[in-house]
Amino acid sequence: MREVRTLRNQRPLTAFLAFLLALGLALAQTLLLDLKAQKVVVKEGKEVLEEALAVAPGDTLEWRLVAENRGKETLRQVALVIPIPKETFYLDGTATPLRLGNATIRPEFSFDGGKTFGLPPLKKRVRVVENGKEVEKEVEVDPKEYTHARWVVPELKPGQKVEVRLRTMVK
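Calculation notes
Residues numbered from 1 in each chain as written. Predicted model: local features only at pLDDT ≥ 70, side-chain atom pairs only at ≥ 80, totals over all residues. Heavy atoms only, no water. Core = buried A, V, L, I, M, F, W, Y, C linked by side-chain atoms within 4.5 Å. Buried < 20%, exposed > 50% of the residue type's maximum accessible area, 1.4 Å probe, protein only. Helix = DSSP H or I, 4+ residues; strand = E, 2+ residues; numbered from the N terminus. Contact = heavy atoms within 4.5 Å. Pairing = 2+ DSSP bridges. Axes fitted to C-alpha atoms, helices over the stretch in contact; angles between N-to-C directions. Phe/Tyr/Trp six-rings, centres within 6.5 Å; stacked < 30°, edge-to-face > 60°. Lys NZ or Arg CZ within 6 Å of the ring centre and 35° of its normal.

Peer 1: I would appreciate a short explanation of the nonpolar core in the present structure.
Peer 2: One broad rule of soluble globular proteins: the nonpolar side chains tend to lie buried together. In this structure, L80, W151 and L166 are the most contacted members of the largest nonpolar core, which totals 26 residues. When contributions to this core are tallied by element, the ones reaching two or more residues are strand 3 (60–69), strand 4 (75–83), strand 11 (148–156) and strand 12 (161–170). Those residues in contact with L80, other than ones at most four positions away along the chain, are L33, L65, A67, A149, R150, W151, V153, V162 and V164.

Here's what the structure looks like:
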């Protein structure tokens, strides 16, 4: 026979879950995010952005993320993240710093699927064989290995809109 257990006092848990749901819905209604990818094409010697209906290896894509605070309160520590699709690689130096007033927000990068972020150059530990022995070394991460870019905006005031962007190349 299987033992069935129930939670004795579910009210605090239920209340907490309801609070988290309400907070998530409020934030979703407050912060509008719009991520678009466009293909970079050279026409008559000038770069032009076109709708990316079809792409091929070697094509360059420009990713733009626009964030707008549609709420009545200032949002703090807003993380704007552009994931880098695995079918592409990041083109080093194309993530634009975000200028807000006198502040410049530099992009941070991740190479581990967005678990950790840091300013370049990123480092990782790898195991290699040297002189017949396996050793661990710290090496610089190639920007082509980046999986995400992130800008952390200290404040986003009501009605304020910001845009961040970067470029990738199709593998």
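Peer 1: Explain the sheet that holds strand 4 to me, please; I cannot follow it from the model alone.
Peer 2: Sheets are built from strands that pair by backbone hydrogen bonding, the pairs being arranged parallel or antiparallel. Across the sheet, which stays open at both edges, the 3 strands sit in the order 4-11-8 with antiparallel pairing between neighbours. The sheet terminates laterally at strand 4 and strand 8 (108–110), the two strands that pair on one side only. Strand-to-strand, the axes of this sheet are offset by a mean angle of 30°, without reference to chain direction. One ladder, built from 3 bridges, connects strand 8 with strand 11; its direction is antiparallel. Following the sheet pairing, S110 is matched in strand 11 by H148.

Peer 1: What should I look at first to understand the packing of aromatic side chains in this one?
Peer 2: Overall, the coordinates contain 3 aromatic pairs when judged by the stated rule. Ring geometry for Y90 against Y146: centres 5.7 Å apart, planes inclined by 25°, an arrangement best described as stacked. Of this pair, Y90 sits in strand 5 (residues 88–90) while Y146 sits in the loop between strand 10 (133–140) and strand 11, placing them 56 residues apart in sequence. Each member of the pair, Y90 as well as Y146, is classed as buried. A connected cluster of aromatic rings, assembled from ring pairs, spans Y90, F109 and Y146. The ring of F89 has K144 sitting right over it, with the charged end atom 4.9 Å from the ring centre.

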